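Residue strings, one per chain:
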Amino acid sequence: MKSPIMFPATMTEMFTTMGSTLASFMFVWAIIRQYCPYELRRFFEKYTQKITGYFYPYIRVSFHEFAGDRLKRSDAYSAVEAYLSANSSKSAKKLKAEMGRDSRKLVLSMDEYERVTDDFRGVKVWWLLSKSVSAARQNSYYPEQEKRFYKLTFHKKHRDIITEKYLEHVVSEGKEIRVRNRQRKLYTNSPGFKWPSYKQTMWSHIVFEHPASFETLAMDPEKKVEIIEDLMTFCKSKDYYAKIGKAWKRGYLLYGPPGTGKSTMIAAMANLLNYDIYDLELTAVKDNTELRKLLIETTSKSIIVIEDIDCSLDLTGQRKKKSEKSSDDENDKLSKEIAKKEAKEEIGSKVTLSGLLNFIDGLWSACGGERLIVFTTNYVEKLDPALIRRGRMDKHIELSYCTFEAFKVLAKNYLSLEMHPMFDTIQTLIGETKITPADVAENLMPKSSLDDAEKCLSSLIQALEEAKEEAAKEEAAKKEEAAKKEAAKKEEAAKKEKEAKEEAAKKEKEAKEEAAKKEKEDAAKEEAAKEEAAEKEYAARKKAGIKENGQTKADAFQSQVDKETENVL
């Protein structure tokens, strides 16, 4: 006969039995952990997991916070953390709040050992945030830092959809959330000798908090819309740039007089696209190699800015040949100046035009993506054409003097005015006067609590009238200067003409004297020739006379001899 099974008579006895059993189990487990070698326990755990794996229908994927040498946080872990903070903070019961390193607001995320459920296309998955500490280091004087990791669990029949679709969805959405929540930064480069130690960035930064936007930017509304559409099209064109085989970057050249809003335009572009800004100071870059290193250190979704590029380095003169030699003294002076300049460049930057062109549009420009390169200059005509051609500086934006449409934007920003009786006078004066938006803004800004809109507008009108008068004076001075130059030019021309006439008269006189002299010489030569001819004729005649006289004497002698002979006979 079987003995009856004994059950606890009351609920109290049941809990007492359960507590005693758990206490006994924990005591035994503590003894095992204390006296059983760690290697033996790991051996049993290893094979226990293998045996369990044959029957356990779920798959687990771990995302560790650090990997390798622990110098860099895992991008996958950060993406999962961002994804879960946005999608599971409402369902999790245990949350932790922290201000992320690159976040601009408080972030709620899962706390340790918290488990949440997510659903993707009808597939249920579970996320768990856990941590581990190496047992070999638990009792060390310098314990190892805790290793946190996210563990994803799902049924093995959903392996394909989770590994091919869900994980890609989590990472991409997590990255987008991080970009939206991150603190945008303004970077600047330091001279090479001030760079930090190994594995530290070459850029230093502060939080970028410039409030500029295209809504508050003082410029023509149509031009503003055109720029916004161009920027938004660029940031959505990753696939298009890959299709046409170009690096995902775009160049903008901002040019115009000082005070026309070039720097404000850059800030508005960064705020519109949610990009970081890298303000590159070329004079602090040692050579082309360091320029490439700085480019590699930049991130995607950023704007690389070189302001006042015409003043940064002497890039335009590097294509010009040395001037022609004029004289030994000038050559010596030129060689000394070149030597001084080369000595100065040895101390400063050695960045060349070729290096800058490769930085903008060469092979190195393709590292990273979704990047804008912006140049600003007050004198676009000073820049080398190769530097600003299409393909390098794709869009040229001229920021000129303030127009009436730009004034209305400033009036709304500074005075909250959209219409005022003084606007007609201002419109007329702005059409006749060159004034920068910076000067307009300065006059519209109230200087005390007593300054109202009418006083500020009156101040602007006064400034416009003064500018108009100053422009008229400058124009009159220019005309006067031009007239003086023209008069001086005419006087110089008359002087040159008089000198030319005097020179011509002098030459004519000299020519006449030379002709008279030549005529005299010719007459003298002719007279001499005549005299010579006469002398020759006289000599010939004289010679002929001597010969005739001699013949006569001979004939007379012969006749006498003949006569004497006849007498003898």
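All values derive from a computational prediction rather than experimental measurement.

Colleague: Explain the overall build of the protein chain here, please?
Modeller: A count of helical and extended segments in the protein chain gives 16 helices and 13 strands. Each of the 569 residues in the protein chain was classed as buried or not, and the buried ones make up 30%. Residue pairs in contact within the protein chain that sit at least 24 positions apart in sequence constitute 71% of those at least 6 positions apart. Carbon and sulfur atoms form 54% of the exposed surface of the protein chain, whose accessible area is close to 39100 Å².

Colleague: So what exactly am I meant to see when it comes to the environment of Ala472 here?
Modeller: Inspection of the secondary structure puts Ala472 in helix H16 (residues 453-568). Separated by 39 residues in sequence, Ala472 and Thr433 have C-alpha atoms that sit 9.6 Å apart.

Colleague: Sorry if this is basic, but what is going on with the environment of Ala463 here?
Modeller: Along the chain, Ala463 falls in helix H16. Spatially, the C-alpha atoms of Ala463 and Asn443 are 7.7 Å apart, while their sequence positions differ by 20 residues.

Colleague: Hey, could you run me through the sheet that holds strand S11 (residues 302-306) in this one?
Modeller: Within a sheet, neighbouring strands are paired by backbone hydrogen bonds and run either parallel or antiparallel to one another. Read across the open sheet, the seven strands follow the order S8-S7-S10-S11-S12-S9-S13; overall the sheet is mixed. Unpaired on one side and paired on the other, strand S8 (203-207) and strand S13 (395-398) mark the two borders of the sheet. This sheet shows a mean twist of 20° between the axes of neighbouring strands, independent of strand direction. Here five bridges tie strand S7 (residues 185-189) to S8, and the two strands are oriented antiparallel to one another. Its bridge partner being in S8, Thr188 is matched across the sheet by Ser204. Relative to the sheet, helix H8 (residues 288-297) contacts S7, S8, strand S10 (276-279), S11 and strand S12 (371-377), its axis offset from that of S8 by approximately 40°.

Colleague: Would you mind showing me how to read the sheet that holds strand S1 (residues 58-64) here?
Modeller: The strand order S1-S6-S5-S4 describes an open sheet built from four strands, whose pairing is antiparallel. Every interior strand has two partners, whereas the edge strands, S1 and strand S4 (115-120), have only one. This sheet shows a mean twist of 25° between the axes of neighbouring strands, independent of strand direction. Where helix H3 (residues 75-87) meets the sheet, it contacts S1, S4, strand S5 (123-132) and strand S6 (147-155), and its direction lies at approximately 65° from that of S6.

Colleague: Is there a simple way to explain empty space enclosed by the protein in this structure?
Modeller: In this approach, a probe sized like a water molecule rolls over the atoms, and the result shows the empty space that is left. Per the counting criterion, the structure on display carries one cavity of 30 Å³ or more. Roughly 30 Å³ of volume is contained in the largest cavity. Lining the largest cavity, in full, are Asn288, Leu291, Arg292, Gly355, Asn358 and Phe359. Partitioning the lining of the largest cavity into residue classes produces two nonpolar, three polar and one charged.

Colleague: Would you take a moment to explain the nonpolar core for this structure?
Modeller: Taken as a class, soluble globular proteins show a tendency for nonpolar side chains to be buried jointly. Counting residues in each nonpolar core, the largest one holds 28 residues, and the members touching the most others are Phe214, Leu231, Met265, Met269, Ile303, Leu372 and Val374. Among the elements of the structure, helix H5 (221-235), strand S9 (249-255), helix H7 (262-273), S11 and S12 are those that each provide at least two residues to this core. If you tally residues by element for this core, the top one is H7, at seven residues. Once residues lying within four places of it in the same chain are set aside, the contact partners of Phe214 are Lys224, Ile227, Ile228, Leu231, Met265, Ala268, Met269 and Leu272. Formed by 27 residues, the second largest nonpolar core is a distinct cluster that contains Trp203, Val285, Val351 and Leu357.

Colleague: Can you walk me through the packing of helix H13 (residues 404-415) against helix H15 (residues 437-444) in this structure?
Modeller: To describe two helices that pack against each other, one gives the angle between their axes and the distance between the axes. Contact geometry of H13 with H15 gives a least axis separation of 10 Å together with a crossing angle of 35°. As H13 packs across H15, the resulting crossing turns out to be right-handed. Of the residues in H15, those touching H13 at Phe407, Leu410, Ala411, Tyr414 and Leu415 are Pro437, Val440, Ala441 and Leu444. The residue inventory of the contact of H13 with H15, partitioned by class, reads nine nonpolar, no polar and no charged.

Colleague: Where do I start with the packing of H8 against helix H11 (residues 353-361) in this structure?
Modeller: Put simply, H8 and H11 touch, their axes get as near as 9 Å, and they point 15° apart. By the angle class used here, H8 and H11 are roughly parallel. Our pair here, H8 against H11, has a crossing hand that is right-handed. Facing H8, whose interface residues are Asn288, Leu291 and Leu295, H11 presents Gly355, Leu356 and Phe359. Each residue belonging to the contact of H8 with H11 can be placed in one class, and the counts come to four nonpolar, two polar and no charged.

Colleague: Looking at this model, I keep getting lost on a nonpolar patch on the surface. Mind explaining?
Modeller: Nonpolar side chains collect at one region of the surface, where Phe25, Met26, Phe27, Val28, Trp29, Ile31 and Ile32 lie side by side and expose about 730 Å² of accessible area between them. Note that Ile32 resides in helix H1 (residues 11-35). Residue classification places Ile32 among the partly exposed positions, given a relative accessible area of 34%.

Colleague: Hey, could you run me through the packing of aromatic side chains in this one?
Modeller: The geometry of two aromatic rings is summed up by the distance between their centres and the angle between their planes. As enumerated under the stated definition, the model contains 13 aromatic pairs in all. Between the NZ or CZ atom of Lys382 and the centre of the ring of Tyr379, over which it lies, the distance is 4.6 Å.

Colleague: Hey, could you run me through the pattern of salt bridges in this one?
Modeller: A side chain of one charge can pair with a side chain of the opposite charge when the charged atoms of the two come close. Going through the model one piece at a time under the given rule, you end up with 16 salt bridges. With its nearest N and O atoms 3.0 Å apart, the salt bridge here joins Asp451 to Lys455. According to the relative accessible area criterion, Asp451 is buried, its value standing at 15%. The residue Lys484 makes a salt bridge to Glu480 at a minimum N-O spacing of 3.6 Å.

Colleague: Just to check I follow, could you spell out the pairing of S4 for this structure?
Modeller: Here is the key point about a regular strand: its side chains alternate between the two faces of the sheet. Side chains Val116, Asp118 and Phe120 project from S4 onto a buried face, and the interleaved Arg115, Thr117 and Asp119 project onto a face without burial. In the sheet, S4 pairs with S5 via six bridges, with the strands oriented antiparallel. Each residue of the ladder has a partner; that of Phe120, found in S5, is Val123. Adjacent in sequence and paired antiparallel, S4 and S5 are bridged by two residues, among which Arg121 carries a positive phi angle near 55°.

The rules behind the values
Residues numbered from 1 in each chain as written. Predicted model: local features only at pLDDT ≥ 70, side-chain atom pairs only at ≥ 80, totals over all residues. Heavy atoms only, no water. Helix = DSSP H or I, 4+ residues; strand = E, 2+ residues; numbered from the N terminus. Buried < 20%, exposed > 50% of the residue type's maximum accessible area, 1.4 Å probe, protein only. Contact = heavy atoms within 4.5 Å. Areas by Shrake-Rupley, 256 points an atom, 1.4 Å probe, with all protein chains shown as cover. Pairing = 2+ DSSP bridges. Axes fitted to C-alpha atoms, helices over the stretch in contact; angles between N-to-C directions. 1 Å grid on protein atoms, 1.4 Å probe; cavity = no way out; pocket = protein on both sides within 12 Å on 5 of 7 lines; lining within 4 Å. Points joined across faces, edges and corners; volume = space filled by probe spheres on them. Nonpolar A, V, L, I, M, F, W, Y, C, P; charged D, E, K, R; others polar. Core = buried A, V, L, I, M, F, W, Y, C linked by side-chain atoms within 4.5 Å. Left-handed = near helix turned anticlockwise from the far one by under 90°. Parallel < 35°, antiparallel > 145°, perpendicular 65-115°, else oblique. Patch = residues over 30% accessible without salt bridge, like charges linked within 9 Å, V, L, I, M, F, W, Y side chains within 5 Å. Salt bridge = Lys/Arg side-chain N within 4 Å of Asp/Glu carboxyl O. Phe/Tyr/Trp six-rings, centres within 6.5 Å; stacked < 30°, edge-to-face > 60°. Lys NZ or Arg CZ within 6 Å of the ring centre and 35° of its normal.

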